Protein chains: 2
Amino acid sequence: MKTEKTPTAQAITQTPFPASRKIYVKGQLHDIDVAMREISLNDTKLHGRFGETEPNAPVTVYDTSGPYTDPNIVIDVKKGLPRLREKWITSRGDVELLDSISSAYGRERLNSKELDHLRFGYHSKPLRAKAGMNVSQLHYAKKGTITPEMEYIAIRENQRIDLLKQQLNGQYDVMSQQHQGHSFGANTPKGYITPEFVRQEVAAGRAVIPSNINHPESEPMIIGRNFLVKINANIGNSAVTSSIEEEVEKAVWACRWGADTIMDLSTGKNIHETREWIIRNTPVPIGTVPIYQALEKVNGKAEDLTWELFRDTLIEQAEQGVDYFTIHAGVLLRYVPLTAKRITGIVSRGGSIMAKWCLAHHKENFLYTHFEEICEIMKAYDVAFSLGDGLRPGCIADANDAAQFGELETLGELTKIAWKHDVQTIIEGPGHVPMHLIKENMEKQLKHCSEAPFYTLGPLTTDIAPGYDHITSAIGAAMIGWFGTAMLCYVTPKEHLGLPNKKDVKDGVITYKIAAHAADLAKGHPGAQYRDNALSKARFEFRWEDQFNLSLDPDTAKEFHDETLPAEGAKIAHFCSMCGPNFCSMKITQDVRDFAKENGVNEVDALTRGMEQKSKEFAEKGSEIYL
Amino acid sequence: MKTEKTPTAQAITQTPFPASRKIYVKGQLHDIDVAMREISLNDTKLHGRFGETEPNAPVTVYDTSGPYTDPNIVIDVKKGLPRLREKWITSRGDVELLDSISSAYGRERLNSKELDHLRFGYHSKPLRAKAGMNVSQLHYAKKGTITPEMEYIAIRENQRIDLLKQQLNGQYDVMSQQHQGHSFGANTPKGYITPEFVRQEVAAGRAVIPSNINHPESEPMIIGRNFLVKINANIGNSAVTSSIEEEVEKAVWACRWGADTIMDLSTGKNIHETREWIIRNTPVPIGTVPIYQALEKVNGKAEDLTWELFRDTLIEQAEQGVDYFTIHAGVLLRYVPLTAKRITGIVSRGGSIMAKWCLAHHKENFLYTHFEEICEIMKAYDVAFSLGDGLRPGCIADANDAAQFGELETLGELTKIAWKHDVQTIIEGPGHVPMHLIKENMEKQLKHCSEAPFYTLGPLTTDIAPGYDHITSAIGAAMIGWFGTAMLCYVTPKEHLGLPNKKDVKDGVITYKIAAHAADLAKGHPGAQYRDNALSKARFEFRWEDQFNLSLDPDTAKEFHDETLPAEGAKIAHFCSMCGPNFCSMKITQDVRDFAKENGVNEVDALTRGMEQKSKEFAEKGSEIYL
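Residues numbered from 1 in each chain as written. Chains lettered and ligands numbered in written order. Predicted model: local features only at pLDDT ≥ 70, side-chain atom pairs only at ≥ 80, totals over all residues. Heavy atoms only, no water.

Trainee: Describe in detail the sheet that holds strand β5 (residues 59-61) of chain A, supporting the description with residues and values.
Mentor: Residues and elements named next belong to chain A. Strand order in the open sheet formed by 3 strands is β1-β2-β5, with antiparallel pairing between adjacent strands. Each end of this open sheet is capped by a strand with a single partner; those strands are β1 (20-26) and β5. For this sheet the average axis-to-axis angle between neighbouring strands, irrespective of direction, equals 40 degrees. One ladder, built from 7 bridges, connects β1 with strand β2 (residues 33-39); its direction is antiparallel. Residue pairing for β2: Lys22 is matched across the bridge by Arg37. Set on the sheet, helix α4 (residues 148-158) makes contact with β1 and β2; between it and β2 the angle comes to about 15 degrees. (Pairing = 2+ DSSP bridges. Helix = DSSP H or I, 4+ residues; strand = E, 2+ residues; numbered from the N terminus. Axes fitted to C-alpha atoms, helices over the stretch in contact; angles between N-to-C directions. Contact = heavy atoms within 4.5 Å.)

Structural data, given as structure tokens:
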């Protein structure tokens, strides 16, 4: 167990990406600046025409790295990130600033002298909905209000500056046709994502905007299957490892590489203070599993958990700014014995805690019996539900069984209740599932949960590769993302073996960005293939630096290339280490094109038609000989 | 460019796997010993019953590592591996031993003094079919002969000792029902793979057994969609990197981690000698792309290639023992202009070489016009065709276009010609393909190529992750393997950036074993899930060492675990670093089971039924309140 250490600026990564600059796109409906990353490209050298070049337009990409990659913003981890959404929230006139935090445990921690050295300094008073008010984005959406959050998301999701420009020519509502069906499907929506489309998807419950009024540092993002597939990165300490500084850097590091949300799964010491540091310094929504901390409060004895203690934990975390809570309210007593014959029983920590509590007390899950009271808390801060799949399968053999699907039906029942309260809701999914059983998970989830967004862990498609479960699960994640899952919870190489370190976090995030992007391509998201095409054109034209800079991980791409051809010259050479000077297929293709040019297209066509005729004759003649 | 270095025993990895021993299963029809790997497991400690245990049966797995992992076999790289198949081949009475090698170039290299220091010493005279004879496994299969190779494969494919035992109780032909349809499909074949089933699949052209009569060191294996999905690892030097010793170690290293075949794609210096060293020391079939070496012979000038020079290259390599040749005979002149509008044109090296030749000479591809003469060479040594997809897409944007599918139809035409000569044939496939376009590739290949085995490179499902293309492609590989692709050509993290080093080769092989196994599970191969279940049971019972030893990469699994909990004690502890002592879901599940035991199943059932009733009432009552 390392000693606690609070974050210092030096320990937090904040260098911009190569050839990239932060740009801010102005809103049309609201006074907002949407942060994006613009990658500038080199000119194309026109083959065989010495010195002649043509320019390549810069590429804009969705950016989750927050202020850390903007050299114009001074980062002070002790003060936290700029409070981007604060004005938007307070100007709605439906929140009040509390004199002090409402949670008994929170106050206890605040007043404890021994914690002074590791407490986040700039503790601001929490906001809460005024009595009788509901501050959820779902509530606003249902009323027909397009919030600044919604417009921010619309601009951000489109990614492409060129599409955005067209968008300004009044082509706003094309996307509003696109929300039918179980995903974009194979047929690409030709339109653009509009603020009104965002509002409609949220109002329908098909998408959520995790945005606790006490986490104004978070840049608005959306989770729904008609938007870019999102990824979550889990961090957090445990009784046996990690420090606060490490966890904050892991969160910032995960966002740098593309994490759309962060879950703090800390189960060790000082998780209240650790969470505060993370929330104040993270530009994406934060999720937690409150039952973990509740269990710490009763020294790990599940049977000692009570509704009152859990309720105080929800309020404690809601006032810190947690954007979504995993709540295992679907683990009903009647489902528990269904897991007894499984190879790996119950593998969800939250699920097994509730199962143990139910059996110990011969009572139904208190998260289920108190669900409406939980909804009352959620809507006072706009915390979203992530209804936990406590009975998810822990191995291939246990996939798609009665316990798992029984719980899923209950999560569907709870979704309706949450929606009655205008509380935003997503549904958690497995786990370990072989490829041929993945689609059934998506279909049942859409049916039972009325199209609420699905949020899956992988799934892992085989159990036999510990040390490589980022890969076993990326296969399942890409597929279920294509089928309609809105957010993919990453799995790192350390899954089943240990807690992820910084390298594991990056490996997990990059691997899941690959899965999510592969799904966006398969779904035909209008902004997705743009980046693939730009990178492939750079690759074909031997613009090595552009290929690196357009990739998900420029550092690694450059490093791998330089292992075999380090010289700067090599990066502009018209060959690479795989083939050598005489022998590059891309060079030969260029020769083929030049040949076509030199001889004139018509002549080549004639030649081709001629040859086609000849080789048809040959084939026919051949066919006689051959068959 | 490193200086040449011939292999020494020290440089070649030959340690057995942990807790594993090499076993040899006797044949029933032939006097053969089929090598397998047996992993022994620890006993299960029965929870709550001090000292009481129950044993776990050892797990047998398919093993491609060859004699290197058998401590009883002395390895001498200068002499090469034991010639396992030599007797089987010569005893068929249809081959003759030549006085000297037939290739002019081969003789030239053999007689060159400067090459003495890097030539493989034990050069044996080559075998060739007697005049008028055909020595291909396809030829034997069509005649109804079950060869030793076929029985070896049947035993090997079943993997499970327990299934094998049942097999000996005469349940031989169940599998012969299973060859219909495009793969095993979701429903598992209940039967076993029999020698007769192997013969039928080969006779039908649905499977190939690469087995050049001059590569007797190779252990028989099969490529077909009704068998385990296989993987290929590419190695080979280029003009700018690698030594002979490195390449041989890469080949042995790739086999250790699971490569079913090795392709030597050398394009640099001394590739004739490098190939000899690799073939003599590799226990799996070797594939090459002969046009690469042919191009070296004309100093990289594609237009200088001739049929005579290529023909001599085929004979040179066939007499060395290459088991399959990639031949780009489908790159027809009329297809070439179809690639001019692509983002990445022609990315296959062989394809672009032939395209350049065709245009330079205004002639049809000589591999196409001389195809029957190539067949005559193939059947004299039993070299299999791997019909190359020279026009495969090099990026997402170019996937499934007219050039690609035009060539595929021509490969189907050539397959029929090869089969007329009883030459075994597989078909190469892409490449870069987004998920939603993958299935079409499999369906068109089955249709146009009369169910000849498909052999794909990935496909990569996005272009934006250079440095991680083992992952972008594993997603596509697992899916197309499930759809029916018989062999997956690995992609390493260095794809597009450089030549793979040893670490890259291992990363690529393990990643592709994952993809292939995920496909076997989805196809319901009878022997596949056995290993997942054994590992998951070990995981659930905290048998850490067993979990490591059953995994694809025991070294990495153990190393990752030990990073956070190095103590030996931790490996028998009933918790892990992810959760800590109080907090392990698997421990809690065990408590749930114990609770069920203590209270008697009936009582729990009663309790459950009772609670089920209660919570139904609750839900109903709730429903009234709620909705």
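Trainee: Go over the packing of aromatic side chains, please, and point to the residues and values.
Mentor: Working definition: an aromatic ring pair is given by the centre-to-centre distance plus the angle between the planes. One pass over the full model with this rule turns up 24 aromatic pairs over all chains. Ring plane angle 50 degrees and centroid distance 6.3 Å describe the contact between Trp88(B) and Tyr152(B), whose orientation is recorded as tilted. Taken together, the positions of Trp88(B) in helix α1 (residues 86-90) and Tyr152(B) in helix α4 (residues 148-158) put the pair 64 residues apart, joining distant regions of the chain. Here Trp88(B) and Tyr152(B) have matching classes, each one buried. By the ring-pair criterion, three or more aromatic residues cluster together here, those being Trp307(A), Phe310(A), Trp357(A) and Phe366(A). In this structure, Lys439(A) is placed above the aromatic ring of Phe483(A), and the distance from its NZ or CZ to the ring centre is 5.3 Å. (Phe/Tyr/Trp six-rings, centres within 6.5 Å; stacked < 30°, edge-to-face > 60°. Buried < 20%, exposed > 50% of the residue type's maximum accessible area, 1.4 Å probe, protein only. Lys NZ or Arg CZ within 6 Å of the ring centre and 35° of its normal.)

Trainee: Go over the pairing of strand β16 (residues 454-457) of chain A with me, naming the residues and quoting the values.
Mentor: Residues and elements named next belong to chain A. Burial along β16 is two-sided: the residues Phe454 and Thr456 and Tyr455 and Leu457 are all buried. Here 3 bridges tie strand β15 (residues 425-429) to β16, and the two strands are oriented parallel to one another. Bridging from a neighbouring strand, Gly429 pairs with Thr456 of β16. Considered for its hand, the β-α-β crossover made up of β15, helix α15 (residues 438-448) and β16 is right-handed. Judged from the 3 bridges that link them, β16 and strand β17 (residues 487-489) form a sheet pairing that is parallel. (Right-handed = clockwise from strand over helix to strand, strands pointing away.)

Trainee: Can you lay out the sheet that holds β15(A) for me, pointing to particular residues and giving the numbers?
Mentor: By definition, the strands of a sheet pair up through backbone hydrogen bonds, in either a parallel or an antiparallel sense. Residues and elements named next belong to chain A. In space, the 8 strands of this closed barrel follow the order β10-β11-β12-β13-β14-β15-β16-β17, with parallel pairing throughout. Each strand axis lies, on average, 25 degrees off the axis of its neighbour in the sheet, ignoring direction. By the bridge criterion, 3 bridges tie strand β10 (residues 230-235) to β17 in an arrangement that is parallel. Across the sheet, Lys230 pairs through a bridge with Met487, a residue of β17. Packing against the sheet, helix α10 (residues 307-320) makes contact with β12 (286-288) and β13 (324-327), and its axis sits at approximately 155 degrees to β13.

Trainee: How would you sum up the side chain of Gln424(B)? Please name residues and give values.
Mentor: All names here are of chain B. Of note, Gln424 is situated in the loop between α14 (402-420) and β15 (425-429). A distance of 3.2 Å separates the side chain of Gln424 from the side chain of Asp382, its partner in a polar contact. Look past the residues within four positions of Gln424 in its chain and what remains in contact with it is Gln137, Leu138, Val202, Ala207, Val208, Ile209, Pro210, Ser211, Asp382, Ala384 and Phe385. (Polar contact = N/O pair within 3.5 Å; in protein donor to acceptor, adjacent residues only side chain to side chain.)

Trainee: Which residues make up the side chain of Asp264(B), and what are the values?
Mentor: All names here are of chain B. Turning to its location among the elements, Asp264 is positioned in strand β11 (residues 261-264). An unpaired buried charge is present at Asp264: no salt bridge exists, and Arg275, the closest side chain of opposite charge, is 4.4 Å distant. Among the polar contacts made by the side chain of Asp264, one reaches the side chain of Ser266 at a distance of 2.6 Å. Those residues within four positions of Asp264 in sequence are excluded, and the remaining contacts are Ile235, Gly236, Arg275, Ile278, Gly287 and Thr288. (Lys, Arg positive; Asp, Glu negative; His and termini not counted. Salt bridge = Lys/Arg side-chain N within 4 Å of Asp/Glu carboxyl O.)

Trainee: Give a detailed account of the pattern of salt bridges, specifying residues and quantitative values.
Mentor: Inspection of every chain in the model, using the stated rule, returns 73 salt bridges over all chains. The residue Asp546(A) makes a salt bridge to Arg543(A) at a minimum N-O spacing of 2.7 Å. By relative accessible area, which is 1% here, Asp546(A) ends up buried. A residue is classified by how much of its surface remains accessible, and Arg543(A), at 8% relative accessible area, is buried. In this structure, Arg206(B) engages Glu201(B) in a salt bridge whose closest nitrogen and oxygen atoms are separated by 3.1 Å. Classification of Glu201(B) as buried rests on a relative accessible area of 0%.

Trainee: So what's going on with the interface of chain B and chain A? Residues and values would help.
Mentor: Of the residues lining the interface, 122 residues belong to chain B; the matching set on chain A comes to 122 residues. For the chain B and chain A pair, buried surface summed over both sides reaches about 11100 Å², with 71% attributable to carbon and sulfur atoms. Remark: the boundary between chain B and chain A carries 2 salt bridges. With a closest N to O distance of 2.6 Å, Lys494(A) and Glu563(B) form a salt bridge. The tally of links between chain B and chain A comes to 16 residue pairs in polar contact (both at pLDDT 80 or more). Among the residues forming the side of chain B that touches chain A, the class breakdown is 62 nonpolar, 37 polar and 23 charged. (Buried area = accessible area lost by both parts, 1.4 Å probe. Nonpolar A, V, L, I, M, F, W, Y, C, P; charged D, E, K, R; others polar.)

Trainee: If you had to explain the environment of Lys78(A) to someone new, which residues and values would you point to?
Mentor: All names here are of chain A. Position of Lys78 relative to the elements: it lies in the loop between β5 and α1 (86-90). We classify Lys78 as partly exposed; its relative accessible area is 38%. In this structure the C-alpha to C-alpha distance between Lys78 and Gln14, which are 64 residues apart in sequence, comes to 15 Å. Sequence-distant contacts of Lys78, defined by excluding residues within four places in its chain, comprise Thr6, Pro7, Phe120, Gly121, Tyr122 and Trp277. Reaching out from Lys78, the side chain makes a polar contact with the backbone oxygen of Pro7 at a distance of 2.6 Å.

Trainee: Any chance you could break down the confidence of the model for chain A for me, citing the residues and the numbers?
Mentor: It should be kept in mind that the predicted coordinates are not to be read in detail where pLDDT is low. Residues and elements named next belong to chain A. When pLDDT is averaged along chain A, the result is 88, and 84% of the positions lie at 70 or above. Long-range and interchain partners of residues 170-190, a stretch whose pLDDT sits below 50, account for 59 contacts in this model, where long-range means more than four residues apart. Predicted confidence is poor over residues 618-627, with pLDDT under 50, and the contacts of this stretch with residues over four places away or in other chains come to 13 contacts. This prediction of the complex comes with two scores: 0.92 for pTM and 0.92 for ipTM. (pLDDT = per-residue confidence, 0-100.)

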